[in-house]
Amino acid sequence: MRVHQYEKAFLWLGAIMLVVFMVALVITSVAASMHLPGRAGEVDPLTINSVEPFDNPGVREVAPGRYEVVLLASAWVFNPAEIRVPAGSEVTFLAAATDVIHGLHITGTRVNMMLIPGQISRNTYRFEEPGEHILVCHEYCGAGHHLMSGKVIVE
Amino acid sequence: MSPSTSNPTVVLHASGYDLPDDQRRLVRWTIYIGYFALAAGVAHGFAQGLSYAKIDILRFFPALRSYYQGLTAHGVANALFFTFAFSNAFLPLMTARALSRPMIKGFLQATLWTLVAANVMVIWSVTTNRASVLFTAYAPLQAHWAYYLGLVLLVVSTWIASAHLYVLLARWRRDNRGERIPLLAFISVLTYVMWDIASIGIAVSFVGFLLPWSLGILERTDPLLNRTLFWFTGHAIVYAWLLPAYISWYALVPRQTNGKLVSDPLTRVVFIMFLLLSIPTGFHHQYTDPGIATSFKAFHALLTFGVFYPSLATAFSVVAALEIGGRRNGGGGLLGWIRKLRWDDPSLTAQVLAMITFVFGGITGLINASYFVNQIVHNTAWIPGHFHMTVGSAVALTLMGVAYWAIPYLTQRKLWGRKLAVAQSWVYTVGVLIMARGLISGGLDGMPRRIFRAEANYGAESWELAGALTGIGGTLMTVGAVMFFLVIVMTIFFGKKGEGPKDIPFAETLIPASREGWDVKLDRIGLWTVAAVVLVLIAYAPFFLTYLPARLVSPGYTFF
Ligand code: HEM
Ligand SMILES: [Cu+2]
Ligand SMILES: [Cu+2]
């Protein structure tokens, strides 16, 4: 039965391919030290404005070449809505939502997080090239969702 | 092994099946509800596509208050009502036919009326702008309770249909001890077993949290927990949409091309793998979520590659079945069989095109699942680009293809406009490929999904072409869908009476089920169900155990 042999070959090939993918995934996470957002703490969305560090949103230099951005998302604004950092700096984003779920995506980068009321979202990214990126709320958050955006300017 | 000419493995008795008229009517109306939903969904799909091209036709939809109200309707109608109404009709029909016994009228009635009640509640709450929270219903945006209750009733209708399948199977087993379950019944039942386990997530979320919260009984809710429960169901739901299409590709399509189903045991193994692996993969929709440990996400990522495997096996099987058919029809050479597939049959054409779009859907899906790459595409227009090549065409086109024999079968009228029907799926396919090309390229450049693009206050130059392609492709899809409805409506009202097919098309198998040996054990549905539950526990219990109790932090918001 020829079909039988083809079938076997195909199924083996498929299995090997998927195992290669899995290995690639493990290698990128260990060797390239890329990160997904994980557990980074919790915060009450209703009192967040008086809780450190969210009582003072903005961009801060925490060490030479290293920045921290504390960011609040509310319907339908980001605070801060404009972020300026020098090229080559490593930026850690600490972000949270004050009302409904929002999203935070900086176009052209790997910074892509959900902001879920009650949770703190954190990720770090190095901005190599000067340029301008759009800061997009990419999760539906009500009637003004398409008006919720900002800018990241790398100088 | 020689191909047997007639064998009982797909259905029990090859001939002599007669569907009683009252059951025929109930099945028909259940499917019609799905087509009504599709019509409503497509209407707004057209507006969405154009909105990405910055053309706003919403003002011509006077009843609509916002883009997002329409998008809610699009998601709910297409992804939930269209698909499940179809499954609720199709799976009992397939099971009963396979077991060669009638369905149970009470179950059919209960399924249909629950579905109707679900529709009434959801239509009312969505059209009055009380539920513009999209089909994902993420808290703390809060919809009217009728929306949550309507969606719960939709799930209940699928449970009633499931119970129908289980009763049919149990009765048959009682009368046929030691017999192999006919393949078509086996894969139909397994589809809803998987879905029943999967649907526990949204059932708990909606009944336990969202419904009491929308009624004011619970003051606050936990957005992350509800989202996690949603995605517990939310990945498996895509297989609940897809598996009925696979059932058609495996067990029916070969007959329509004059081919044969390649292997009975392999088909069973594929469906068992879906039962085991569809659910413990939900965190791949939450890669970018806070509050979930990355180790849990990585584990689900690995299992996601696992659940890709049965789809690879399916690719082999369905192509082999088509090739057998093409060659028996006289196609020679390496690829000559493709031309001989019976491209004049609208049902077959739609489904082969569905398979082709699914190749792209599968590849883009694998990319989504790839952990870090997900951070490039998550919630960008890439995602609807991806899933219009899966549920939006692989499934939708298959369900249209099935309609081309099922509506004549159920109405006993001849299909009206056969040529138009053949052209229909080509138009839709070209449309979906163009639209997906637009959405995918825009998404790679950061264009978000779920955006009223026509009115957005930001954008990039590269989104212009992407958006234009989305608009053009979406328009073609809409034309394709309208052609479909024309054919179906004309068939129902004007198709020649008494000239419908007398039976469903079902395939013969090259490698049939055997009565002894290892593959007899495949029929132990109870055992597989237990194994599936154990896997789900392994994949989800660590999260829930380290997370609970619920963080009831959010009141409801209704700014839509
Ligand atoms: C004429 C045919 C169709 C067109 C033109 C169309 C167009 C679109 C577009 C442009 C979007 C993206 C909207 C946005 O994110 O802002 C979308 C979303 C969606 N479509 Fe379609 N679509 C069609 C048919 C279908 C079908 C047949 C299905 C499923 C069976 C489907 C399921 C969905 C779902 C689930 C969403 C996501 C809704 C959400 O984000 O909440 N679509 N559609
Ligand atoms: Cu938003
Ligand atoms: Cu998924």
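This one's a predicted model, so the numbers in the text were calculated from it and none came from an experiment.

Time to look at the overall build of chain B. Counting secondary structure elements, chain B contains 17 helices and 2 strands. Radius of gyration (C-alpha) of chain B: 23 Å, near the 24 Å computed for a compact globule of 560 residues. Projected onto its principal axes, the C-alpha positions of chain B cover 65 × 50 × 45 Å. By residue count, 66% of the 560 residues in chain B fall in the buried class. The long-range share in chain B, meaning contacts at least 24 apart out of those at least 6 apart in sequence, stands at 85%. Of the roughly 19,100 Å² that chain B leaves accessible, carbon and sulfur atoms contribute 68%. If you average the places of the 41 positive and of the 24 negative side-chain charges in chain B, the two averages end up 3 Å apart.

Remark: the empty space left among the atoms is shown by a probe the size of a water molecule rolled over them. For the structure shown, the criterion picks out 6 cavities of 30 Å³ or more. Estimated volume of the largest cavity: approximately 140 Å³. Leu-80, Val-155, Ile-202, Phe-230 and Ile-237 of chain B are, among the 14 residues lining the largest cavity, the residues nearest its centre. Of all elements in the fold, only helix H2 (67-99), helix H4 (145-175), helix H6 (200-214) and helix H7 (223-256) of chain B reach the threshold of two or more residues within the lining of the largest cavity. Tallied by class, residues from the lining of the largest cavity come to 11 nonpolar, 3 polar and no charged. Size it by volume and the second largest cavity reaches roughly 60 Å³. Around the second largest cavity, the lining residues are Val-100, Ile-101, Glu-139 and Tyr-140 of chain A together with Val-133, Leu-134, Thr-136, Tyr-138, Ala-139, Pro-140, Leu-141 and Arg-450 of chain B. The class makeup of the residues in the lining of the second largest cavity is 9 nonpolar, 1 polar and 2 charged.

This brings us to unusual backbone geometry. Residue Trp-76 of chain A is reached from Ala-75 of chain A by a cis peptide bond, and omega for that bond is -5°. Turning to its location among the elements, Trp-76 of chain A is positioned in the loop between strand E2 (66-74) and strand E3 (77-79). Going from Leu-548 of chain B to Pro-549 of chain B, the amide bond is cis rather than trans, its omega being 10°. Inspection of the secondary structure assignment puts Pro-549 of chain B in the segment after helix H17 (525-547). Even without being a glycine, Lys-54 of chain B presents a positive backbone phi close to 65°.

Residue and element names in this part refer to chain B. Among the surface-exposed residues, Ile-356, Val-359, Phe-360, Ile-363, Ile-367, Val-373, Ile-376, Leu-433 and Leu-444 lie close enough to one another that they form a single nonpolar patch of about 700 Å² accessible area. Of all elements in the fold, only helix H11 (346-369) and helix H15 (418-444) reach the threshold of two or more residues within the nonpolar patch. If you tally residues by element for the nonpolar patch, the top one is H11, at 5 residues. Along the chain, the position of Ile-376 falls in helix H12 (residues 374-377).

Residue and element names in this part refer to chain B. As a structural note, the neighbourhood of ligand 1 is formed by 27 residues, with Tyr-52, Tyr-67, His-74, His-388 and Arg-450 the closest of them. In this structure, a nitrogen atom belonging to ligand 1 sits 3.1 Å away from a side-chain N or O atom of Gln-48. In this structure, His-388 approaches ligand 1 through a side-chain N or O atom, which is 2.8 Å from a nitrogen atom. When contributions to the shell around ligand 1 are tallied by element, the ones reaching two or more residues are helix H1 (21-52), H2, helix H14 (391-411), H15 and helix H16 (462-494).

Further remarks concern the coordination of the iron atom of ligand 1. All names here are of chain B. Every protein donor of the iron atom of ligand 1 is listed here as His-74 (NE2) and His-388 (NE2), and their distances to the metal cover 2.0 Å. Metal-centred angles of 86 to 180° between the 6 donor atoms at the iron atom of ligand 1 mark the site as octahedral. Pair noted here: His-74 is in helix H2 and His-388 is in the loop between helix H13 (382-387) and H14, with a separation of 314 residues, a long-range link. Residue classification places His-74 among the buried positions, given a relative accessible area of 13%. Residue classification places His-388 among the buried residues on the basis of a relative accessible area of 15%.

What follows is about the pairing of E2 of chain A. All names here are of chain A. By the bridge criterion, 5 bridges tie strand E1 (residues 58-63) to E2 in an arrangement that is antiparallel. The residue of E2 that forms the bridge with Glu-61 is Tyr-67. Between E1 and E2, which pair antiparallel one after the other, the connecting turn spans 2 residues, and Gly-65 there sits at a positive phi close to 80°. Bridge count for E2 against strand E5 (residues 89-97) is 8 bridges, and the pairing is parallel. The residue of E5 that forms the bridge with Leu-72 is Ala-96. One ladder, built from 3 bridges, connects E2 with E3; its direction is antiparallel.

Moving on, we come to the interface of chain B and chain A. Contacts between the two partners involve 70 residues from chain B, matched on the other side by 61 residues from chain A. Across the interface of chain B and chain A, roughly 5,400 Å² is buried in total on both sides, 71% from carbon and sulfur atoms. On the chain B side of the interface with chain A, the three residues burying the most area are Phe-316, Phe-372 and Gln-375 of chain B, jointly 14% of the side's total. For the interface between chain B and chain A, the tally reads 2 salt bridges. In this structure, Glu-42 of chain A and Arg-551 of chain B form a salt bridge, with 2.7 Å as the shortest nitrogen-oxygen distance. At the junction of chain B and chain A, the tally comes to 17 residue pairs in polar contact (both at pLDDT 80 or more). When contributions to the side of chain B that touches chain A are tallied by element, the ones reaching two or more residues are H7, strand E1 (261-263), helix H9 (294-328), H12, strand E2 (509-511) and H17 of chain B. Sort the elements by how many residues they give to the side of chain B that touches chain A and H9 of chain B lands first, with 12 residues. Of the residues that constitute the side of chain B that touches chain A, the class distribution is 45 nonpolar, 16 polar and 9 charged.

This part takes up the environment of Ser-317 of chain B. Residue and element names in this part refer to chain B. Residue position: Ser-317 is located in helix H9. Looking at Ser-317, the relative accessible area reads 5%, which means it is buried. The sequence separation of Ser-317 and Leu-261 amounts to 56 residues, and the corresponding C-alpha distance is 7.5 Å. Not counting residues within four places of it along the chain, the set of residues in contact with Ser-317 comprises Tyr-250, Val-262 and Leu-266.

For an interface, size is often stated in terms of accessible area lost upon the parts coming together. Here the domain parsing of chain A yields domain 1 (1-35) and domain 2 (38-154). Centre-to-centre separation of domain 1 of chain A and domain 2 of chain A, based on C-alpha positions: 36 Å.

What follows deals with the layout of surface pockets. Residue and element names in this part refer to chain B. In this structure, the second largest pocket occupies an estimated 540 Å³ of space. If you trace the second largest pocket, you find 23 residues lining it, with Ala-40, Ala-73, Ala-77, Ile-123 and Thr-127 closest to the centre. Residue assignment for the lining of the second largest pocket shows that the elements contributing at least two residues are H1, H2 and helix H3 (105-127). When residues in the lining of the second largest pocket are grouped by element, the largest group, 7 residues, is from H3. Here the lining of the second largest pocket is built from residues that sort into 18 nonpolar, 5 polar and no charged.

Turning to the sheet that holds strand E4 (residues 82-85) of chain A, a few remarks are in order. All names here are of chain A. Taken in spatial order, the 5 strands line up as E4-E10-E9-E6-E7 in an open sheet, and their pairing is mixed. Of all strands in the sheet, those bounded by a partner on one side alone are E4 and strand E7 (112-115). Across the sheet, the mean angle separating the axes of adjacent strands is 15° when strand polarity is ignored. When strand E6 (residues 102-106) meets strand E9 (residues 131-136), the two strands line up antiparallel, connected through 2 bridges.

What follows is about the coordination of the copper ion (ligand 3). All names here are of chain B. Distances from the copper ion (ligand 3) to its protein donors, His-235 (ND1), His-284 (NE2) and His-285 (NE2), fall within 1.8 to 2.1 Å. Read in sequence order, the donor residues for the copper ion (ligand 3) give the motif H-x48-H-H. For His-284, a relative accessible area of 9% puts it in the buried group. Classification of His-285 by relative accessible area gives partly exposed; the value is 23%.

Cut-offs and rules
- Residues numbered from 1 in each chain as written.
- Chains lettered and ligands numbered in written order.
- Predicted model: local features only at pLDDT ≥ 70, side-chain atom pairs only at ≥ 80, totals over all residues.
- Heavy atoms only, no water.
- Helix = DSSP H or I, 4+ residues; strand = E, 2+ residues; numbered from the N terminus.
- Rg over C-alpha atoms; globule rule 2.2 N^0.38 Å.
- Buried < 20%, exposed > 50% of the residue type's maximum accessible area, 1.4 Å probe, protein only.
- Contact = heavy atoms within 4.5 Å.
- Areas by Shrake-Rupley, 256 points an atom, 1.4 Å probe, with all protein chains shown as cover.
- Lys, Arg positive; Asp, Glu negative; His and termini not counted.
- Charge placed at Lys NZ, Arg CZ, Asp CG, Glu CD.
- 1 Å grid on protein atoms, 1.4 Å probe; cavity = no way out; pocket = protein on both sides within 12 Å on 5 of 7 lines; lining within 4 Å.
- Points joined across faces, edges and corners; volume = space filled by probe spheres on them.
- Nonpolar A, V, L, I, M, F, W, Y, C, P; charged D, E, K, R; others polar.
- Patch = residues over 30% accessible without salt bridge, like charges linked within 9 Å, V, L, I, M, F, W, Y side chains within 5 Å.
- Salt bridge = Lys/Arg side-chain N within 4 Å of Asp/Glu carboxyl O.
- Near = heavy atom within 4 Å.
- Polar contact = N/O pair within 3.5 Å; in protein donor to acceptor, adjacent residues only side chain to side chain.
- Donors = N, O, S within 2.8 Å, 3.2 Å for Na, K, Ca; no water.
- Tetrahedral: all angles 85-135°; square planar, octahedral: opposite > 155°, others 65-115°.
- Pairing = 2+ DSSP bridges.
- Buried area = accessible area lost by both parts, 1.4 Å probe.
- Domains from an automatic or database assignment.
- Axes fitted to C-alpha atoms, helices over the stretch in contact; angles between N-to-C directions.

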